[in-house]
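Structural overview
What follows is each chain in one-letter form.
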Amino acid sequence: MAIVSARNTGIRNIAIIAHVDHGKTTLVDAMFKQSGVFREGQPVSDRLMDSMDLERERGITIAAKNCAVVWEGVKINIIDTPGHADFGGEVERALSMADGALLLVDASEGPLPQTRFVLEKTLKAGLTVIVVINKIDRKDARPAIVLDEVYDLFIDLDAREDQLDFPVLYAVGRDGVVQESAETPGKDLGVLFDTILKKIPPPAYDPEAPFQMLVSDLGYSDYLGRLAVGRVVNGRARHNDNLVCIDIDQRQRPLKVNRLQAYEGLTLREVEEAEAGDIIVLSGIEDVKIGDTICTRAAPAPLKRITVDEPTVAMKFTINSSPFAGREGRFVQSAKIRERLVKETLRNVAIQVEETESRDVFQVKGRGEFQMAILIETMRREGFELSVGRPEVIFKERDGQRLEPMERLFVDCEEGFLGVVTEKLAVRKGQMTNLVNHGSGRVRVEFSVPSRGLIGYRDEFLTDTRGTGILNAYFAGYEAYRGDVTSRFTGTIVSDRQGAAVAYALFNLEPRGQLFAVPGDPMYEGQIFGEHNRGNDITANPCKEKKLSNMRASGRDENIILSPVKPMTLERALHFIREDEMVEVTPRAIRLRKVELSAQRRAKSRGGA
């Protein structure tokens, strides 16, 4: 590429990065309100950038999204990024469009594992960082200590000297206030906007180079078709230009720019021309993927593609083959499931889909079971019916040695729970690497744990710590295999027939374990409706009714009182199942089942009668 010799001073491109729940989206809300995006008196909802239903329900950012504000005549393109490591592909995609980053750190919690994850990506990309210590109004805020921890983190991540010289601001994002010191009260976000204009470099470009754009995101419009979102690296694009798209194999496909759009606040505005450094949305090509380069036909020159960390978890997706298949969903065919999974790979660079020997089974690979759960929940809400297997880690072989993905786990819990946490993690092949006790009644512990050991542990951890523990982890590379880990010590209670669950039968089965079903739930043979107290599976009849007799007292059945049943969530189901079990997912229900539904055939496969 030619040497850069100019900068577009009318634009700044900045990504907002942070750990989950450190206030990114709330701060962006305040930036909108104070930059004049909304007119006086216009009703505005909170967490504007969390546009997906799942994001609003869970209070987290799942997909990176773009918006723009104008401050003192300069357009600031803002990219709101996820804080969860499972959505790291979104972070890498967002950083490819930015020249700088706003790092938010909670004034009480300090830098956490995902802070480290997103900051490491940012420093590797060579971006300028502004540190904002948020939530300084908390009673337990410790901004000075947190700032020292941030410096330690930068040094630990081998930041360059110029990156270590970062500006520091202090904020109460909820109130829309940013100040230069923790003691001097602020009144608005003016200090933040001024610091962005002063410290974040304007986008650089080569004034002699022809048009080049790196595709960093994809969209779809019923009127315009496929939309390519990305930053203009060099040159200018105009409406009706004839360009080419260069894919991963260096093939060139012609395209004509049907429409050019740029971000204005939360919306898109049609423009006649796009200049270097701006983030635009271009329509006119159907077959385009994230990482492709769009450039001129006269001088086609591909840009460096976006690269993401390789997946560490795999799951099998297949059609719903239960007796209830097709009753509750609109899309049940394997072709529809395959089409939807391929569509996901176009939008999410961290997801990979592979065919298997069976045309109805697909191997889906990603960053973690949480990312998989979000994909499954999204498909479920779109009307899909499918069955999924247990999340399994992806092993590697090197020099004849088996390697497995490892997690660096951070636990924050009360002192009294340290024993049970350490014991449970030791069973899962975890090794304690650090322990810090500040004498406040809580301890912070670090562990090195195999990724497979953490599958299903988070729910157990919350139970063990009475809901007061905090658990965070990030991927720490591959290490030697540490031995077998027992995924579950209990068996299951499996239905032996089809019908509706009856209170009388469930009441008599309660002593055998914890039930997942309530009276009236539809059942079929091979469906799991409870967790057995012991390590073996048992087959039972949940539809058995009380026999009538002449001695039966009137109203006796109405006295049956069943124990409350905890609703089965998707994450809980994925954590619970073993290798011979699956989760049936439909728009209306989440059911557990055996892969082999027939009790007779299951017994034969175990060598039984």
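Since this is a predicted model, take the numbers as computed values, not measurements.

Regarding its fold elements, the protein chain presents 15 helices and 37 strands. Evaluated residue by residue, the protein chain yields a buried proportion of 54% over its 609 residues. Of the contacts made within the protein chain by residues no fewer than 6 positions apart, 72% connect residues no fewer than 24 positions apart. When the accessible surface of the protein chain is summed, it comes to about 28100 Å², and 48% of that surface belongs to carbon and sulfur atoms.

Moving on, we come to the sheet that holds strand 14 (residues 252–256). Taken in spatial order, the 8 strands of this open sheet run 14-13-19-10-11-18-15-16, and their pairing is antiparallel. Edge strands, defined here as strands with exactly one partner in the open sheet, are strand 14 and strand 16 (267–270). The average angle at which neighbouring strand axes cross in this sheet is 40°, direction not considered. Here 5 bridges tie strand 13 (residues 242–246) to strand 14, and the two strands are oriented antiparallel to one another. Directly across from Asn-242, in strand 14, lies its bridge partner Lys-256.

Another point: the nonpolar core. In terms of nonpolar packing, the biggest core is built from 38 residues, with Leu-103, Leu-119, Val-131, Ile-133 and Phe-154 touching the most fellow members. With 5 residues, helix 5 (residues 143–156) is the single largest residue contributor to this core. Aside from chain neighbours lying at most four places away, what touches Val-131 is Leu-103, Val-150, Phe-154, Phe-166, Pro-167, Val-168 and Leu-169. Leu-375, Met-379, Leu-386 and Ile-590 belong to the second largest nonpolar core, which has 28 residues in total.

What follows is about the environment of Gly-110. Note on placement: Gly-110 falls in the loop between strand 5 (100–106) and helix 4 (113–124). We classify Gly-110 as buried; its relative accessible area is 0%. Between the C-alpha atoms of Gly-110 and Asp-148, which are 38 residues apart in sequence, the distance is 9.5 Å.

Among the residues making up helix 12 (residues 457–464), those that are buried are Tyr-457, Phe-461 and Asp-464. The arc enclosing the buried residues of helix 12, seen along the axis, measures out at 65°, which places them on a common side. Buried residues along helix 12 sit against strand 26 (401–414), helix 10 (418–427), helix 11 (451–454) and strand 29 (470–480). Among the residues trailing helix 12, Arg-466 stands out with phi positive, at a value near 55°.

So, on to the packing of aromatic side chains. Counting across every chain of the model gives 9 aromatic pairs. With 4.4 Å between their ring centres and 20° between their planes, Trp-71 and Phe-193 make a pair best called stacked. Residue Trp-71 is located in strand 3 (residues 65–71), and its partner Phe-193 is located in helix 7 (residues 190–199); the two are separated by 122 residues in the primary sequence. For Phe-193, a relative accessible area of 1% puts it in the buried group.

The next point concerns unusual backbone geometry. Even without glycine at this site, Asn-240 takes up a positive phi of about 75°. Here Asn-240 shows up in the loop between strand 12 (237–238) and strand 13. Classification of Asn-240 as partly exposed rests on a relative accessible area of 41%. Not every positive phi belongs to a glycine, and Asp-399 is a case in point at roughly 55°. By the secondary structure assignment, Asp-399 is in the loop between strand 25 (396–398) and strand 26. Given a relative accessible area of 80%, Asp-399 falls into the exposed group.

With that settled, the discussion passes to helix 5. Look at helix 5: 20 Å from first C-alpha to last across 14 residues, which is about the 20 Å you get at 1.5 Å a residue. Every buried residue of helix 5 is accounted for by Pro-143, Val-146, Leu-147, Val-150, Leu-153 and Phe-154. Angular distribution of buried residues about the axis of helix 5 spans 115°; they occupy a single face of the element. Summarising the geometry of helix 5, the exposed residues directed more than 90 degrees from the buried face are Ala-144 and Ile-155.

Caution is warranted with low-pLDDT regions, since their predicted coordinates should not be read in detail. Mean pLDDT over the protein chain works out to 83, with 90% of the residues at or above the 70 mark. Segment residues 38–52 is flagged for pLDDT under 50; beyond a separation of four residues in sequence, or across chains, it makes 37 contacts in the model.

What follows concerns the pattern of salt bridges. On inspection of all chains with the given rule, the structure shows 44 salt bridges. As a salt-bridge pair, Arg-259 and Glu-270 come within 3.6 Å of each other at their nearest N and O atoms. Here Arg-259, found in strand 15 (residues 259–264), pairs with Glu-270, found in strand 16; they are 11 residues apart in sequence, far enough to count as distant. By relative accessible area, Arg-259 is classed as partly exposed at 30%. The class for Glu-270 is partly exposed, based on a relative accessible area of 41%. One connected set of salt bridges, linked through shared partners, spans Asp-247, Asp-249, Arg-251, Arg-253, Asp-287, Lys-289, Asp-292 and Arg-305.

Another point: the environment of Phe-384. You can see Phe-384 is positioned in the loop between helix 9 (369–381) and strand 23 (386–388). As a C-alpha pair, Phe-384 and Ile-337 span 47 residues in sequence and 7.5 Å in three-dimensional space. Apart from residues no more than four positions distant in its own chain, Phe-384 is found in contact with Phe-331, Lys-336, Ile-337, Arg-340, Met-379, Val-585, Thr-586 and Pro-587.

Looking down a regular strand, the side chains alternate between one sheet face and the other. Counted residue by residue, strand 10 (residues 212–221) has 9 buried out of 10 residues, so it is predominantly covered. Sheet topology places strand 10 next to strand 11 (residues 225–234); 9 bridges connect them, and they run antiparallel. Bridge pairing in strand 11 links Tyr-220 to Arg-226.

Before going further, it helps to examine the side chain of Glu-446. Considering the arrangement of structural elements, one finds Glu-446 in strand 28 (residues 442–450). Among the polar contacts made by the side chain of Glu-446, one reaches the side chain of Arg-408 at a distance of 3.0 Å. If near-sequence neighbours (up to four positions away) are discounted, Glu-446 is found in contact with Arg-408, Leu-409, Phe-410, Gln-431, Met-432, Thr-433 and Asn-434.

Bringing the packing of helix 4 against helix 5 into the picture now. Remark: helix 4 packs on helix 5, axes separated minimally by 10 Å, with the N-to-C direction vectors making an angle of 50°. With respect to each other, helix 4 and helix 5 are oriented oblique. The two elements helix 4 and helix 5 meet at a crossing, and its hand is right-handed. Only Leu-153, Phe-154 and Asp-156 of helix 5 make contact with helix 4, whose side of the interface consists of Thr-115, Arg-116, Leu-119 and Leu-123. Looking at the contact of helix 4 with helix 5 residue by residue, the classes come out as 4 nonpolar, 1 polar and 2 charged.

What counts as what
Residues numbered from 1 in each chain as written. Predicted model: local features only at pLDDT ≥ 70, side-chain atom pairs only at ≥ 80, totals over all residues. Heavy atoms only, no water. Helix = DSSP H or I, 4+ residues; strand = E, 2+ residues; numbered from the N terminus. Buried < 20%, exposed > 50% of the residue type's maximum accessible area, 1.4 Å probe, protein only. Contact = heavy atoms within 4.5 Å. Areas by Shrake-Rupley, 256 points an atom, 1.4 Å probe, with all protein chains shown as cover. Pairing = 2+ DSSP bridges. Axes fitted to C-alpha atoms, helices over the stretch in contact; angles between N-to-C directions. Core = buried A, V, L, I, M, F, W, Y, C linked by side-chain atoms within 4.5 Å. Arc of directions from axis to C-beta. Phe/Tyr/Trp six-rings, centres within 6.5 Å; stacked < 30°, edge-to-face > 60°. Expected span 1.5 Å × (residues − 1). pLDDT = per-residue confidence, 0-100. Salt bridge = Lys/Arg side-chain N within 4 Å of Asp/Glu carboxyl O. Polar contact = N/O pair within 3.5 Å; in protein donor to acceptor, adjacent residues only side chain to side chain. Parallel < 35°, antiparallel > 145°, perpendicular 65-115°, else oblique. Left-handed = near helix turned anticlockwise from the far one by under 90°. Nonpolar A, V, L, I, M, F, W, Y, C, P; charged D, E, K, R; others polar.

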